[in-house]
Amino acid sequence: MTQAAGSAGGSQDPVAAVGARVLCFLGKGGAGKTVLSCLAARHLARPGRRVLLVDADPARGLSAAVGLDGADGRTLGEVRDRLVAEARAPDGSAATLAQAADYLLLEALGEVRGFGFLAMGPGREPGCFCAVNRLLRDGLEALGTGFDHVVIDAEAGLEQVSRQVFRRVDLPLVVTDASVRSAQAAVAIARTAVRLGVLRPAGVIYNRVTGPDAALRTRLEAAGLADLGAVPLDEAVARADREGRSLLEIPADTPAQVALGAILERLGLAT
């Protein structure tokens, strides 16, 4: 797998080579990235299409939201730790490391309700280990070639998205609720992303509101975040959360699901 990714030629992105679309939800903790990631996966799932969900938060909030126990499956943090140990071994070689990466990544790739699933999880080994990180990134992108869409529920901030998940994100979507602090975080994320040249957000989605406050919208648009639409507060989402049910079970005609589906269609992700 990693060898195939490396032989794709130059800087060609193996995910782009097969037309997979990579979406990423960014924003302050509590803004609703996890819920929107689940709803986006539901919208994108059609007969013949495969969707990969990536839980990029070490706390594994998406894992819980889709009904997975925190101890289920191997995380990418654990894969990285194992590869670091392999790299430190006296008999460790590039070929051995690549083989170990292939095996461990396939072992980490799971499935939940018909969706592919990967959890980042926390890593315990200190240090940079750039070669290991590159190997992981190449392997993840090679895994992504088996899917039509990749949906990333990002940790607050940009580090994991920019360094450890996918080199390319087609639709970076910033999420904010109606609070000023959430909007401030959205602006900071967007400006940092542009300044570092990591990605350019497609715009902002207002979550748990019928429409953005005019002053809040003006503030975010001034920061370059276009209004992509609003997703209303939804009792079906709140009920599933209270009852500990998977957010992938939410009815297809619930207001939040319909609203996010319309936003994604306007962004070119038609049904």
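In this report, the structure presented in the accompanying data block is examined. (Residues numbered from 1 in each chain as written. Predicted model: local features only at pLDDT ≥ 70, side-chain atom pairs only at ≥ 80, totals over all residues. Heavy atoms only, no water.)

Here the focus is the overall build of the chain. A count of helical and extended segments in the chain gives 12 helices and 8 strands. The 271 residues of the chain split such that 48% are buried. For the chain, contacts bridging at least 24 residues in sequence account for 79% of all contacts bridging at least 6. If you sum the accessible surface of the chain, you get close to 12,100 Å²; carbon and sulfur atoms cover 50% of it. (Helix = DSSP H or I, 4+ residues; strand = E, 2+ residues; numbered from the N terminus. Buried < 20%, exposed > 50% of the residue type's maximum accessible area, 1.4 Å probe, protein only. Contact = heavy atoms within 4.5 Å. Areas by Shrake-Rupley, 256 points an atom, 1.4 Å probe, with all protein chains shown as cover.)

In this section: the pairing of strand S7 (residues 203–207). Where burial is concerned, most of S7 is hidden: 5 out of the 5 residues are buried. When S7 meets strand S8 (residues 227–231), the two strands line up parallel, connected through 4 bridges. For Asn207, the partnering residue across the bridge sits in S8 and is Val231. Handedness of the crossover is the feature at issue here: the chain leaves S7, passes through helix H10 (residues 214–222), returns alongside S8, and the resulting connection is right-handed. (Pairing = 2+ DSSP bridges. Right-handed = clockwise from strand over helix to strand, strands pointing away.)

Judged by nonpolar contacts, the single largest core of 37 residues is most densely connected at Leu53 and Ile205. With 6 residues, the single largest contributor to this core is helix H3 (residues 33–44). Setting aside anything within four residues of it in sequence, one finds Ile205 in contact with Phe25, Leu36, Leu173, Val174, Val175, Thr176, Leu228, Gly229, Val231, Leu260 and Ile263. Leu26, Leu105, Val150 and Val169 belong to the second largest nonpolar core, which has 27 residues in total. (Core = buried A, V, L, I, M, F, W, Y, C linked by side-chain atoms within 4.5 Å.)

A separate point is the sheet that holds strand S3 (residues 110–112). If you trace the 8 strands from one edge of the open sheet to the other, you get S3-S4-S2-S5-S1-S6-S7-S8, paired in mixed fashion. The open sheet has two edge strands, S3 and S8, and neither has a second partner. Here the strands of the sheet are splayed against their neighbours by 25° on average, with no regard to which way each runs. Packed onto the sheet, H3 meets strand S1 (21–27), strand S2 (51–55), strand S4 (115–119), strand S5 (149–153), strand S6 (171–176), S7 and S8 and runs at close to 170° relative to S5. (Axes fitted to C-alpha atoms, helices over the stretch in contact; angles between N-to-C directions.)

Attention shifts here to helix H5 (residues 76–88). Helix length check: H5 (13 residues) gives 18 Å between terminal C-alpha atoms against 18 Å at 1.5 Å per residue, within 8%. Every buried residue of H5 is accounted for by Leu76, Gly77, Val79, Arg80, Asp81, Leu83 and Val84. (Expected span 1.5 Å × (residues − 1).)

All right, on to helix H9 (residues 180–196) then. Helix length check: H9 (17 residues) gives 24 Å between terminal C-alpha atoms against 24 Å at 1.5 Å per residue, within 8%. Every buried residue belonging to H9 is among Ser182, Ala183, Ala185, Ala186, Val187, Ile189, Ala190 and Ala193, and all of these are buried. Against the buried residues of H9 lie S1, S6 and H10. Two residues or fewer after H9 comes Gly197, characterised by a positive phi angle close to 70°.

This next bit is on the packing of H3 against helix H12 (residues 255–266). Between H3 and H12, the shortest axis-to-axis distance is 9 Å and the interhelical angle comes to 70°. When the axis of H3 is compared with that of H12, the two are roughly perpendicular. Once H3 is placed against H12, the crossing between them reads as right-handed. Here Leu36, Leu39, Ala40, Arg42 and His43 of H3 lie close against H12, whose contacting residues are Ala256, Gln257, Leu260, Gly261, Leu264 and Glu265. For the contact of H3 with H12, the per-class residue count stands at 6 nonpolar, 3 polar and 2 charged. (Parallel < 35°, antiparallel > 145°, perpendicular 65-115°, else oblique. Left-handed = near helix turned anticlockwise from the far one by under 90°. Nonpolar A, V, L, I, M, F, W, Y, C, P; charged D, E, K, R; others polar.)

Tracing the backbone shows Gln257 in helix H12. Judged by its relative accessible area of 6%, Gln257 is buried. C-alpha of Gln257 to C-alpha of Leu39: the two residues are 218 residues apart in sequence and 5.7 Å apart in space. The contacts of Gln257, once residues within four sequence positions are left out, are Leu39, Arg42, His43, Asp234, Pro251 and Ala252.

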